[in-house]
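Here is what each chain is made of, one letter per residue.
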Amino acid sequence: MRAVCILAIFLSFSHAESILSFLTDGENKTSTLLESKDQEWNDLSILRQMINQETLIRLALVKNVHALVNDVTIMKKGLAASEARVTGQQQTIDALKIQVKSLQQENNELKNSSRINEARIMELETNLQSVHENYGTLHDELNVIQKDSDEKRREMFNKTHSVLDDIKIEVRYLSVTLLDFKESTETENESRTRKYEELEWYFNNSFEELKAEIVQTKLNLTNNKVLIQNLDDSQLEIRGTFTEILNRTVTKLETQLKTSEYEQLKLSSAVASLEVANMNLSRLNCDKSSHHAFTAGMSSYDNDWTGDTLVFPTVIYNLGAGYNPSTGIFTAPSPGTYVFYVSVQSAFQKYIQLDIVLNGSSKVRALAWYDSGSSVRIYQTGTNMVILHLQTGNRVWVKRYHGTGYYSDGGHITTFSGFKLY
């Protein structure tokens, strides 16, 4: 637009110069001047039109500039609102990150509590075994106490009878003495008084001694009764304690029975699944090319093993060449449903946890737990089985989750097996 204005001004100046030149020519160019004036008026009208157009263009530009300023203002407000939204979203993201961290912490705490609960369960089982042993010991001690009490009662009864027999013998002896005294009084009148006094003195002394012995016997009987009462009280207390322990043991045994029934149901379900698998195997027995099975084991032990993948180098059976004894990994030669089983025995006074892993994802876990210190010589065995649907090329292996070492020998105690169902 500025270029158009400059061009119009330049044309006006050029026309002004031509007008001045026409005036100086004077009289000799009259006809030419008239033509020039007509041309000048045409140019002025054109210039006016151009100026009017410039004015309209400027007004339009002013309106456009105002519209642009308003648009820029609106854009700034929208940008500020967008920034506020972005800030709010960022705060929301930060809050979500904090929640994710807290959830991860809670997950870790739940895992730790699960491990602690497993350890407590094993400790309770150990305590149950000790309670069984204490129950047997208490039963034996109760029998011994019962026998001792019976023997003491018999002994006291025998002593009492023997004392009564002695008293009867003394009474008979006194009776005989009195008879002899009467006979002697009849035959010996002279010495009757003296002998009578002597016999009376002897009788009185004997009678006092008998009274003393009877009192002592009564005291002994009272003491024996108190002793027997104490024995009865101790027996009642022992019976109460024994009954309480027995009730607790019965409660624990009932809980274990329920757990055993639940485990039996699980085993029944597993047996049913195996029966179905056996039927499918017998149905597909004609197709030898689709059969895949293996069993591998350990021929030695390692008490300090803490590796990642447990490799079973000794191949006992391998149909279909799916198991690699160098890596310990089974690669599915064909798609289908497979069964895998692991059995591990812990090292001496240690524990081990092994996972059956599918393509890096843990599916089931075998636990051989030991938590009895160094006072018990024991090995624990952990087993587990899983049924998985595999595609061609899927890989399955045994991975250490926690623990140290394992035990095996030439009999292949620790093994890893798998086969295709259908």
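Above this text you will find the structure in question.
Residues numbered from 1 in each chain as written. Predicted model: local features only at pLDDT ≥ 70, side-chain atom pairs only at ≥ 80, totals over all residues. Heavy atoms only, no water.

### A look at the overall build of the chain
Thinking step 1. Helix and strand content of the chain: three helices and 10 strands.
Thinking step 2. Counting all 422 residues of the chain, 22% fall into the buried class.
Thinking step 3. When contacts within the chain are restricted to residue pairs at least 6 apart in sequence, those whose partners lie at least 24 apart make up 73%.
Thinking step 4. Accessible surface for the chain amounts to roughly 29600 Å². Of this, 57% is attributable to carbon and sulfur atoms. (Helix = DSSP H or I, 4+ residues; strand = E, 2+ residues; numbered from the N terminus. Buried < 20%, exposed > 50% of the residue type's maximum accessible area, 1.4 Å probe, protein only. Contact = heavy atoms within 4.5 Å. Areas by Shrake-Rupley, 256 points an atom, 1.4 Å probe, with all protein chains shown as cover.)

### Topic: the environment of Leu246
Thinking step 1. For Leu246, the position within the fold is in helix H3 (residues 192-283).
Thinking step 2. As for Leu246 and His132, which are separated by 114 residues in sequence, their C-alpha atoms are 9.7 Å apart.

### Considering the sheet that holds strand S1 (residues 293-297)
Thinking step 1. Spatially, the five strands line up as an open sheet ordered S2-S1-S10-S5-S8, and their pairing is antiparallel. Since the sheet does not close on itself, it has two edges, and those belong to strand S2 (314-319) and strand S8 (381-390), each with one partner. Across the sheet, the mean angle separating the axes of adjacent strands is 5° when strand polarity is ignored. (Pairing = 2+ DSSP bridges. Axes fitted to C-alpha atoms, helices over the stretch in contact; angles between N-to-C directions.)

### Side note on the environment of Thr241
Thinking step 1. Take Thr241: it is sitting in helix H3.
Thinking step 2. For Thr241, a relative accessible area of 41% corresponds to the partly exposed category.
Thinking step 3. For the pair Thr241 and Leu138, spaced 103 residues apart in sequence, the C-alpha separation works out to 9.9 Å.

### Re the layout of surface pockets
Thinking step 1. Counted as a void, the largest pocket has a volume near 1100 Å³.
Thinking step 2. Taken together, 25 residues form the lining of the largest pocket, with Glu125, Thr259, Glu263, Lys266 and Thr383 sitting closest to its centre.
Thinking step 3. Secondary-structure elements contributing two or more residues to the lining of the largest pocket are helix H2 (30-187), H3, strand S7 (361-368) and S8.
Thinking step 4. If one sorts the elements of the lining of the largest pocket by residue count, H3 sits on top with eight residues.
Thinking step 5. Residues that form the lining of the largest pocket fall into these classes: 10 nonpolar, nine polar and six charged. (1 Å grid on protein atoms, 1.4 Å probe; cavity = no way out; pocket = protein on both sides within 12 Å on 5 of 7 lines; lining within 4 Å. Points joined across faces, edges and corners; volume = space filled by probe spheres on them. Nonpolar A, V, L, I, M, F, W, Y, C, P; charged D, E, K, R; others polar.)

### Topic: unusual backbone geometry
Thinking step 1. If you check the backbone angles, Asn359 has positive phi at about 55° while not being a glycine.
Thinking step 2. For Asn359, the position within the fold is in the loop between strand S6 (352-358) and S7.
Thinking step 3. Overall, the relative accessible area of 44% leaves Asn359 in the partly exposed class.
Thinking step 4. Here His412, not a glycine, exhibits a phi torsion of approximately 55°, which is positive.
Thinking step 5. Structurally, His412 can be placed in the loop between strand S9 (395-403) and strand S10 (415-420).
Thinking step 6. His412 gets classed as partly exposed once you look at its relative accessible area, which sits at 23%.

### Considerations on the nonpolar core
Thinking step 1. Leu310, Phe312, Phe330, Phe340, Leu390, Val396 and Phe416 are the most contacted members of the largest nonpolar core, which totals 27 residues.
Thinking step 2. Broken down by secondary-structure element, the contributors of at least two residues to this core are S1, strand S5 (336-345), S6, S7, S8 and S9.
Thinking step 3. Ignoring any residue separated from it by four or fewer positions in sequence, one finds Val396 in contact with Gly328, Ile329, Phe330, Phe340, Ile356, Val357, Leu358, Leu388, Leu390 and Phe416. (Core = buried A, V, L, I, M, F, W, Y, C linked by side-chain atoms within 4.5 Å.)

### Some remarks on the sheet that holds strand S4 (residues 329-331)
Thinking step 1. Here five strands make up an open sheet; going across it, the order is S3-S4-S9-S6-S7 and the pairing antiparallel. One side of each edge strand has no neighbouring strand; the edge strands of this open sheet are strand S3 (323-324) and S7.

The quantities given are spatial measurements derived from coordinates; they are silent on function.
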